[in-house]
Amino acid sequence: MNTLDAAATIEAAADLDRRLGVGGVLSYDEIRVSVAAAVAEALGLPGGGAEAVASCRDKASTRQRFSAGGVPQPSSYAVSSFEEAESRAASIGYPVVVKPRALAGSMGVALVAKAADLPDAYASTRSAEFFELPRLEAGVLVESFADGPEISIDAACHNGTVHPLFVARKKTGFAPCFEEVGHVVSARDPLLTDPEIVRVLQAAHSALGLSTLMTHTEIRLTSAGPRVIEVNARLGGDLIPYTAHLATGVDYGLVAARLAQGIPPVREELPERTAQIDFLYPDTDLKVDALDVTEDGLPAEVHRIIPLVGPGRELRIPPREHVRGRYAVVITAARTPEACEQAKAAAEKHIELVGAPLDIPPAA
């Protein structure tokens with residue numbers, strides 16, 4: 001069965017419900033969250049709401065709803081041609097951000113500092129593709145640049161009320177791209193209870209009309225206050241919930257499963273602890289000969305090193321490829337972010353990547 005076919009999936013789910021009973025519907029997959037919401041709605045089960053979740057997937061729709069709800073956000077325009085992008089960028093004023101209207105994982109997102117850089121950035125964004133996701137009309141957004149650090153907040157939204165669960169402070173690299181190269185989760189991050197952050201988070205969910213689901217919201221902490229970049233109708237990717245579990249001791253997959261049954265989260269006393277995940281990239285495009293990891297002598301704060309590639313794999317760094325340029329993952333856990341960063345630096349000395357540079361990378 002094609003699980004991207006909402007009608008067929010609803011029919012199959014209804015048959016399963018008649019035979020066995022269905023208590024809840026949950027999807028962790030970005031591409032299928034809209035179908036999951038439609039199934040939950042059709043079966044009368046707790047969910048985010050099919051229309052609201054679809055608006056999360058379409059960032060132009062998200063922006064329109066935020067505008068109507070007074071949610072602080074970057075100014076944004078959906079465009080269908082370079083000429084239109086050029087005109088909108090000039091009206092906004094540089095720097096601007098160009099991004100796909102409905103992709104995922106920061107793919108195709110770039111900061112454009114000046115008009116001369118816009119043609120290449122627009123072409124790269126317009127050509128960005130994500131497996132199984134269709135292209136949309138006016139498929140590129142041109143937005144004002146929101147300065148300051150970026151965070152994500154995973155939350156449980158229950159009957160429209162948002163319960164923030166954990167904050168991940170993003171590490172980004174490969175400017176002008178916004179490649180996510182790491183995340184830091186502190187169990188008692190003060191941003192979890194910051195009144196303005198909590199207010200803006202609730203306003204964003206209310207503007208979208210979300211009901212009962214797990215969400216992953218990205219926010220920029222700008223000099224003028226928090227600005228919402230997007231709301232995703234699922235738990236965060238990049239092993240962020242796993243990293244958060246190491247920091248807090250809470251199983252967020254279980255929280256999500258309970259929420260899908262309409263059971264709200266329980267507030268727990270959290271430890272003074274931090275966990276961090278880092279993704280390692282080569283300095284240049286290369287073909288891998290070997291990746292060796294030596295675990296003897298690793299600090300206790302290094303929870304895990306995960307090799308991602310083997311001999312023969314070709315790695316291309318952003319913007320030529322996103323995410324697939326990673327060759328290893330380092331996960332650390334300690335009392336403070338500083339201790340995690342020190343452990344990560346120590347772990348890198350135990351990882352050796354050997355390869356031959358690729359002379360002619362393919363066009364983006």
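Residues numbered from 1 in each chain as written. Predicted model: local features only at pLDDT ≥ 70, side-chain atom pairs only at ≥ 80, totals over all residues. Heavy atoms only, no water.

*Asks:* Tell me about the overall build of the chain, residues and numbers included.
*Replies:* Scanning the chain from N- to C-terminus turns up 10 helices and 15 strands. Expected size for 364 residues packed as a compact globule is a radius of gyration near 21 Å; at 21 Å, the chain falls within 12% of this value. With the C-alpha coordinates of the chain rotated into their principal frame, the extents come out at 55 × 55 × 45 Å. Counting only residues that meet the buried cut, the chain has 50% of its 364 residues in that class. Only carbon and sulfur atoms are counted for the fraction: they give 52% of the accessible area of the chain, which is about 16500 Å². The chain carries 34 positive and 48 negative side-chain charges, and their two centres are separated by 2 Å. (Helix = DSSP H or I, 4+ residues; strand = E, 2+ residues; numbered from the N terminus. Rg over C-alpha atoms; globule rule 2.2 N^0.38 Å. Buried < 20%, exposed > 50% of the residue type's maximum accessible area, 1.4 Å probe, protein only. Areas by Shrake-Rupley, 256 points an atom, 1.4 Å probe, with all protein chains shown as cover. Lys, Arg positive; Asp, Glu negative; His and termini not counted. Charge placed at Lys NZ, Arg CZ, Asp CG, Glu CD.)

*Asks:* Before we move on, could you go through the pattern of salt bridges and cite the residues and values that matter?
*Replies:* Throughout the structure, instances matching the rule amount to 26 salt bridges. Notably, a salt bridge pairs Glu 230 with Lys 59, separated by 3.8 Å at the nearest N-O pair. Here the residue Glu 230 occupies a position in strand β9 (residues 225-232), and Lys 59 occupies one in helix α4 (residues 59-69), the gap between them amounting to 171 residues. Of the two residues, Glu 230 and Lys 59, neither departs from the other in class, the shared state being buried. A salt bridge links Glu 314 to Arg 316; its shortest N-O distance comes to 2.9 Å. In this structure Glu 314 comes out as partly exposed when scored by relative accessible area, which is 31%. (Salt bridge = Lys/Arg side-chain N within 4 Å of Asp/Glu carboxyl O.)

*Asks:* Kindly report on the packing of aromatic side chains, identifying the contributing residues and their values.
*Replies:* Considering all chains together, one arrives at three aromatic pairs under this definition. Seen from their ring centres, Phe 82 and Tyr 122 are 5.9 Å apart, and the 65° between their planes marks the pair as edge-to-face. Of the two residues, Phe 82 is situated in helix α5 (residues 82-92) and Tyr 122 in helix α6 (residues 118-127); the sequence distance between them amounts to 40 residues. On the basis of relative accessibility, which here comes to 22%, the residue Phe 82 falls in the partly exposed class. Using a relative accessible area of 9% as the deciding quantity, one classes Tyr 122 as buried. (Phe/Tyr/Trp six-rings, centres within 6.5 Å; stacked < 30°, edge-to-face > 60°.)

*Asks:* Outline the packing of α5 against α6, supporting the account with residue identities and numerical values.
*Replies:* Close contact between α5 and α6 brings their axes to 11 Å; oriented N to C, the two are set at 125°. The pairing of α5 with α6 is recorded here as oblique in orientation. Crossing of α5 over α6 shows right-handed handedness. Along the contact surface, α5 presents Phe 82, Ala 85, Glu 86 and Ala 89, while α6 presents Leu 118, Pro 119 and Tyr 122. Among the residues making up the contact of α5 with α6, the classes are represented as six nonpolar, no polar and one charged. (Axes fitted to C-alpha atoms, helices over the stretch in contact; angles between N-to-C directions. Parallel < 35°, antiparallel > 145°, perpendicular 65-115°, else oblique. Left-handed = near helix turned anticlockwise from the far one by under 90°. Contact = heavy atoms within 4.5 Å. Nonpolar A, V, L, I, M, F, W, Y, C, P; charged D, E, K, R; others polar.)

*Asks:* Would you mind going over the sheet that holds strand β10 (residues 274-280) in detail, with residue names and values included?
*Replies:* Across a sheet, strands are paired by hydrogen bonds formed along the backbone, either parallel or antiparallel in direction. The sheet built from eight strands is open, its strands ordered β9-β8-β5-β6-β7-β10-β14-β12 with antiparallel pairing. The open sheet has two free edges, formed respectively by β9 and β12 (302-307), since each of these has just one partner strand. If you compare each strand with its neighbour and ignore which way they point, the axes differ by 25° on average. In terms of strand pairing, strand β8 (residues 213-222) meets β9 through seven bridges, oriented antiparallel. Each residue of the ladder has a partner; that of Arg 220, found in β9, is Arg 227. Running at roughly 145° to β10, helix α8 (residues 240-248) makes contact with β5 (150-158), β6 (161-173), β7 (179-186), β8, β10, β12 and β14 (328-334) of the sheet. (Pairing = 2+ DSSP bridges.)

*Asks:* Account for unusual backbone geometry, with residues named and values stated.
*Replies:* Omega for the bond connecting Ala 175 with Pro 176 falls within 30 degrees of zero, at 10°, which places this linkage in the cis form. Looking at where Pro 176 falls in the secondary structure, it is placed in the loop between β6 and β7. Following Pro 318, the chain continues into Pro 319 via a peptide bond in cis, with omega recorded as 10°. Mapped onto the fold, Pro 319 is located in the loop between β13 (314-315) and β14. Of note, Leu 239 is a non-glycine position whose phi angle comes to about 60°, a positive value. Counting through the fold element by element, Leu 239 comes out in the loop between β9 and α8.

*Asks:* Explain the side chain of Thr 332 to me, and be specific about the residues and the numbers.
*Replies:* Relative to the helices and strands, Thr 332 is located in strand β14. Setting aside chain neighbours within four positions, we find Thr 332 in contact with Thr 274, Ala 275, Gln 276, Glu 301, Val 302, His 303, Cys 340, Ala 343 and Lys 344.

*Asks:* Can you tell me about the packing of helix α3 (residues 50-57) against α4, naming the residues and giving the values?
*Replies:* Interaxial distance between α3 and α4 falls to 5 Å at its minimum, and their mutual angle equals 110°. Judged on the interaxial angle alone, α4 and α3 are roughly perpendicular. Between α3 and α4, the contacting residues are Glu 51, Ala 52, Ser 55, Cys 56 and Arg 57 on the first element and Lys 59, Ser 61, Thr 62 and Arg 65 on the second. The residue inventory of the contact of α3 with α4, partitioned by class, reads two nonpolar, three polar and four charged.

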